[in-house]
Amino acid sequence: IMDNALINVHYRKPLQDEGCCKFCKYNNEDNENFCQKLSFWIPNTEFICDEYEDSDLLKSIESCLNEAYALRDKDISEMTDAELETERGHDKFVMLEYAKRQEKRQNWSEAIRAYKSAGDQGVESAYYHAGIIADNMQSYRKAANLYKLGYKMGDEWCAYRLGCLYYYKQISGLFADSKARRCLLYAARKGIPNAQSKYAVYLIEHNRNIEASENSGEFWLMCALLNCDQEASDVIRKIRSGFTENTLEYYDKRLFEIKHYIIENRPEYIPNYKS
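These figures come from a predicted structure and were not determined experimentally. (Residues numbered from 1 in each chain as written. Predicted model: local features only at pLDDT ≥ 70, side-chain atom pairs only at ≥ 80, totals over all residues. Heavy atoms only, no water.)

Asker: Lay out the pattern of salt bridges with the relevant residues and their values.
Answerer: Per the counting criterion, the structure on display carries 14 salt bridges. A salt bridge links Asp-234 to Arg-237, with the shortest nitrogen-to-oxygen separation between them at 3.1 Å. Placement of the pair is Asp-234 and Arg-237 together in helix 12 (residues 230-240), with a separation of three residues, close to one helical turn. Salt bridges sharing common partners tie together Asp-81, Glu-97, Arg-101 and Arg-105. (Salt bridge = Lys/Arg side-chain N within 4 Å of Asp/Glu carboxyl O. Helix = DSSP H or I, 4+ residues; strand = E, 2+ residues; numbered from the N terminus.)

Asker: Mind laying out the packing of aromatic side chains, listing which residues take part and the relevant values?
Answerer: A full pass over the atoms with the stated rule returns nine aromatic pairs. Measuring from ring centre to ring centre gives 5.0 Å for Phe-219 and Trp-220, while their planes differ by 90°; the resulting arrangement is edge-to-face. A single burial state applies to Phe-219 and to Trp-220, both of which are buried. A centroid spacing of 6.2 Å and a plane angle of 90° characterise the contact between Phe-219 and Tyr-269, whose relative ring orientation is edge-to-face. Residue Phe-219 is located in helix 11 (residues 217-226), and its partner Tyr-269 is located in the segment after helix 13 (245-265); the two are separated by 50 residues in the primary sequence. (Phe/Tyr/Trp six-rings, centres within 6.5 Å; stacked < 30°, edge-to-face > 60°. Buried < 20%, exposed > 50% of the residue type's maximum accessible area, 1.4 Å probe, protein only.)

Asker: Break down the side chain of Glu-97 for me, with residues and values.
Answerer: Note on placement: Glu-97 falls in helix 4 (residues 92-104). Of the residues examined, Glu-97 reaches a relative accessible area of 16% and is grouped as buried. Other than its neighbours up to four places away in sequence, Glu-97 contacts Ile-76, Ser-77 and Leu-84. (Contact = heavy atoms within 4.5 Å.)

Asker: Go over helix 7 (residues 140-152), please, and point to the residues and values.
Answerer: Compared with the 18 Å implied by 1.5 Å per residue over 13 residues, the 18 Å span of helix 7 between its first and last C-alpha is a close match. Restricting attention to buried positions, one finds in helix 7 the residues Ala-143, Ala-144, Leu-146, Tyr-147 and Gly-150. Across the axial projection of helix 7, the buried residues extend over an arc of 165°, all falling on one side. Of the surrounding elements, those touching the buried residues of helix 7 are helix 5 (108-120), helix 6 (124-136) and helix 8 (156-167). (Expected span 1.5 Å × (residues − 1). Arc of directions from axis to C-beta.)

Asker: An account of the environment of Gln-121 is requested, with residue identities and associated values reported.
Answerer: Locating Gln-121 in the fold gives a position in the loop between helix 5 and helix 6. Sequence spacing of Gln-121 and Asp-91 is 30 residues, and the spatial spacing of their C-alpha atoms is 8.3 Å.

Asker: Go over the nonpolar core with me, naming the residues and quoting the values.
Answerer: Tyr-160, Ala-195, Phe-219, Trp-220, Leu-221, Cys-223 and Ile-262 are the most contacted members of the largest nonpolar core, which totals 31 residues. Mapped by element, the contributors of at least two residues to this core are helix 8, helix 9 (176-189), helix 10 (193-206), helix 11, helix 12 and helix 13. When sequence neighbours within four positions are dropped, the list of residues in contact with Ala-195 reads Tyr-160, Leu-184, Ala-187 and Ala-188. Core analysis: the next-biggest nonpolar cluster, separate from the first, contains 27 residues, Met-95, Ala-99, Ala-118 and Leu-162 among them. (Core = buried A, V, L, I, M, F, W, Y, C linked by side-chain atoms within 4.5 Å.)

Asker: Describe in detail the side chain of Glu-214, supporting the description with residues and values.
Answerer: Take Glu-214: it is sitting in the loop between helix 10 and helix 11. In terms of polar contacts, Glu-214 uses its side chain to reach the side chain of Arg-189, at 2.7 Å. Among the polar contacts listed, one links the side chain of Glu-214 to the side chain of Tyr-269, at a separation of 2.4 Å. Apart from the residues within four sequence positions on either side, Glu-214 is in contact with Leu-185, Arg-189, Tyr-199, Leu-203, Phe-219, Trp-220, Arg-266 and Tyr-269. (Polar contact = N/O pair within 3.5 Å; in protein donor to acceptor, adjacent residues only side chain to side chain.)

Shown next as structure tokens:
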């Protein structure tokens, strides 16, 4: 009975196209109609029973749905704690707001759990926030697991923080060094300045290849410098102090060439640069 009533609610309330629901906003596609909000499959219209179309049950369900979705349309930041409690299981951004409030109240474990739940529902940055809390609590293994989840979803800040945990030896394991490099390179390509600095240091220590390519430490140092990274400034100052006057002139010339190559050909690596 309940399923039939819910189905009728969906098909009695079209938005623009036939079969488009104003509540869950699913779209008809053959027989695969899934309600994202109510979490069940809607059958094709030919299988719908209209027995409950004007029943009290249907009207009651419709009223509840209207109330629930009016609440969801409300600015989440203005929701009361009670409203968040009610809705957080149904909306990832409500869950994110709930997590932020728990963090503000220093309910660390609950904040981590809520951020992870928001991440599991598709909010990429939520894993980063959860990881930072665990990181600050020195729960490095837990932080790493959270960062890994975000990294798998393509979050560059999770990749960077995970790389830092390996870089500073806060977590260890097989191939930790190569994992650090891989994470930092991913974040560097996404334009995170400090990741560029750290990856540059690794290359400089292992490969003195001063050219305009990603295999050159000076390439990433210059990206970080153009992104106004202080660590890069310190590294470049230390490197330049070790050259003689003649070799320093050559080195600075190469840096100048690399700089202009990046500006002209790799603007995506320097989002903070202002000409």
